[in-house]
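Inside the fold
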Amino acid sequence: MKVFNTETINYNDFKYEITQGSGVIVIKDVYSEEQISSAREVINNFAENQETKETHFNAEAEASGKIHLQQRVWNLFGKDKIFSELITHDLIFELMSKLLGTKFITGSYCASRLLPGAPGQELHIDYPYWDFYEHETFPDGLNGSFLQNCQATIPLDVCSNKSGATAFIPGSQKKLKYPNKNDDFSKMEQMIANPGDLVFFNGNCWHGAMPNNSDHQRAVLLIEFLPKYIKPVEDLVSYLDHNFKENCSHRVKQLLGFNYPYPKIMDTSKSKNEIGIGYKAK
Ligand SMILES: O=C(O)CCC(=O)C(=O)O
Ligand SMILES: [Fe+2]
């Protein structure tokens, strides 16, 4: 895992580490204490007052009756304006525009909160899709030669070995495979980071939340970034009200996929000819 700060981060080193290196990078001190504490307050408030929400890769927590210790708060765009602020940081737009294309979108934006005693997740990959263990439902020959996803986490609490910082197997992104109990996890590391830092990792890198053996909660914001053409796992749009959709910033509109109109009802479209560069007409 390579550590940068806002001065040393550059696209070439970032891309190399994410694709050819460990698969994970941390940029130190990107967000202010005020931004993080305001996000943390909203997340804790929802986590404590909402009904239990869907989670994933949590078979162990479910079997041991501890699933209530691994909480999710979903659909963050509409939960508070701080979440639009955090996700539209210039560094995110600079790096993701190059890696995933200028019209990159958000596939999911949630918080993952582990309370003390939470057992953690099974190691998994999130892309090409998080059900990649159903191989037969994916195209023959699919591989990880270019990125179709990048994950970001924004720690709201100290993410240490003890508190359950996300684990990963360095380099595992290079051979696209959903891990299982026969795989070698001996080189496992954890994404150690502090509130204010910004972590990126390759969604093909084997990873997962670890047990929280500390005496404090461990919450992170968890974001999936995608190229414009991939179907997001989370429907981030339907629940937003008209006012939000009309008035959100240009960057948030892009992240919600509003800058790319597909799938589209062609039958009712007013355009006669929308696609192509027109070289034969000249
Ligand atoms: O909470 C974490 O540390 C990681 C969560 C994760 O990887 C996931 O839910 O896909
Ligand atoms: Fe994951």
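Further up the page is the structure itself.
Every residue gets a number counted from 1 within its own chain, in the order that chain's sequence is written. A letter from A marks each chain and a number from 1 marks each ligand, given out in the order of writing. In keeping with the predicted nature of the model, local features appear solely for residues at pLDDT of at least 70, side-chain atom pairs appear and are counted solely at 80 or more, and the whole-chain, interface and lining totals rest on all residues.

Let's shift gears to the overall build of the protein chain. Each helix and strand counted, the protein chain has seven helices and 10 strands in total. Here the radius of gyration uses the C-alpha set of atoms, whereas the globule reference equals 2.2 Å times the residue count to the power 0.38. Whereas a compact globule of 282 residues would reach a radius of gyration of roughly 19 Å, the protein chain reaches 19 Å, a difference of no more than 12%. We call a residue exposed when 12 or fewer other C-beta atoms sit within 10 Å of its C-beta, buried when the count reaches 20 or more, and partly exposed for counts in between; the C-beta positions come from the backbone. Counting all 282 residues of the protein chain, 38% fall into the buried class. Under the DSSP-based scheme used, a helix requires at least four consecutive residues in state H or I and a strand at least two consecutive residues in state E, with every element numbered from the N terminus.

Turning our eyes to something else, we now look at the pairing of strand β1 (residues 2–5). Examined bridge by bridge, β1 and strand β2 (residues 24–28) share four bridges and lie parallel to one another. Residue Val3 lies in a different strand from β2, and its bridge partner there is Val26. Looking down the strands as they point away from the viewer, one classifies a crossover as right-handed if the path from the first strand across the helix to the second runs clockwise. Considered for its hand, the β-α-β crossover made up of β1, helix α1 (residues 11–19) and β2 is right-handed. A pair of strands is labelled paired if DSSP reports no fewer than 2 bridges between them.

The next subject is the nonpolar core. Residues Ala111, Ala152, Met191, Val199 and Leu221 are the most contacted members of the largest nonpolar core, which totals 67 residues. The leading source of residues in this core is strand β10 (residues 218–226), at seven residues. The residues contacting Leu221, other than those within four sequence positions of it, are Ala39, Leu76, Leu86, Ala111, Thr153, Ile154 and Leu156. To define a nonpolar core, we join buried Ala, Val, Leu, Ile, Met, Phe, Trp, Tyr and Cys residues through C-beta atoms within 7 Å and take the resulting set. Throughout, a pair of residues is in contact if the C-beta atoms placed from their backbones lie within 7 Å.

Each residue gets a C-beta atom placed from its backbone. Should that atom fall within 6 Å of a molecule or strand, the residue is termed near it. Inspection of the region around ligand 1 gives His56, Ser112, Asp126, Thr166, His207, Gly208, Ala209, Val220 and Leu222 as its neighbouring residues. Only Asp, Glu, Lys and Arg are considered charged, only Ala, Val, Leu, Ile, Met, Phe, Trp, Tyr, Cys and Pro nonpolar, and every remaining residue, Gly among them, polar. Classifying every residue of the shell around ligand 1 gives three nonpolar, five polar and one charged.

Another aspect to go through is unusual backbone geometry. Geometrically, the link from Tyr127 to Pro128 is a cis peptide bond, its omega value of 10 degrees lying close to zero. Structurally, Pro128 is set in the loop between β4 (105–114) and β5 (150–155). The residue after Tyr262, namely Pro263, is reached through a cis peptide bond having omega -5 degrees. By the element assignment, Pro263 lies in the segment after α7 (250–255).

Taken in spatial order, the seven strands make up an open sheet running β1-β2-β8-β5-β10-β4-β3, and their pairing is mixed. Pairing within the sheet leaves two strands with one partner each, and these edge strands are β1 and β3 (70–73). Here the average twist between neighbouring strands, direction ignored, is 25 degrees. As paired elements, β5 and β10 share six bridges and run antiparallel to each other. From the neighbouring strand, Gln151 faces β10, where its bridge partner is Glu224. Axis lines are fitted through C-alpha atoms, for helices just across the contact stretch, and the angle between N-to-C directions can take any value from 0 to 180 degrees. Sheet contacts for helix α2 (residues 33–49): β3, β4 and β10; angle to β3, the most-contacted strand, approximately 110 degrees. Contacts between helix α5 (residues 90–100) and the sheet are confined to β2, β5, β8 (198–202) and β10, with β5 contributing the most and set at about 165 degrees to the helix.

To continue, consider the sheet that holds strand β7 (residues 189–190). Here we have three strands laid out as an open sheet, ordered β7-β6-β9, and antiparallel in their pairing. A single partner strand is all that each edge strand has here, and the edge strands are β7 and β9 (207–208). Looking at chain direction, strand β6 (residues 167–168) and β9 are connected through two bridges and run antiparallel. Counted as the bridge partner of Phe168 is His207 from β9.

We now examine the pairing of β5. In terms of residue burial, β5 counts as a mostly covered element, since six of its six residues are buried. Covered by surrounding structure in β5 are Cys150, Ala152 and Ile154 together with Gln151, Thr153 and Pro155, the residues of both alternating faces. Sheet topology note: the β5/β8 ladder contains four bridges and is antiparallel. Residue Ala152 lies in a different strand from β8, and its bridge partner there is Phe200.

Turning to the environment of Glu246, a few remarks are in order. Within the secondary structure, Glu246 is located in helix α6 (residues 242–247). Expressed as a C-alpha distance, the spacing of Glu246 and Ala39, which sit 207 residues apart in the sequence, is 23 Å.

Positionally, Gly78 belongs in the loop between β3 and α4 (81–87). Here Gly78 falls in the partly exposed class, since 18 other C-beta atoms lie within 10 Å of it. Gly78 sits 37 residues away from Glu41 along the chain, and the two C-alpha atoms are 15 Å apart. Residues within four places of Gly78 in sequence aside, it is in contact with Tyr239, Leu240 and Phe244.

Once that is clear, we can look at α1. Here α1 has its buried residues at Phe14, Glu17 and Ile18. The arc that holds the buried residues of α1, viewed along the axis, is 95 degrees, so those residues lie on one side. Pointing more than 90 degrees away from the buried face of α1 are the exposed residues Asn12 and Tyr16. Within this analysis, the arc is defined by the directions that extend from the helix axis to the C-beta atoms.

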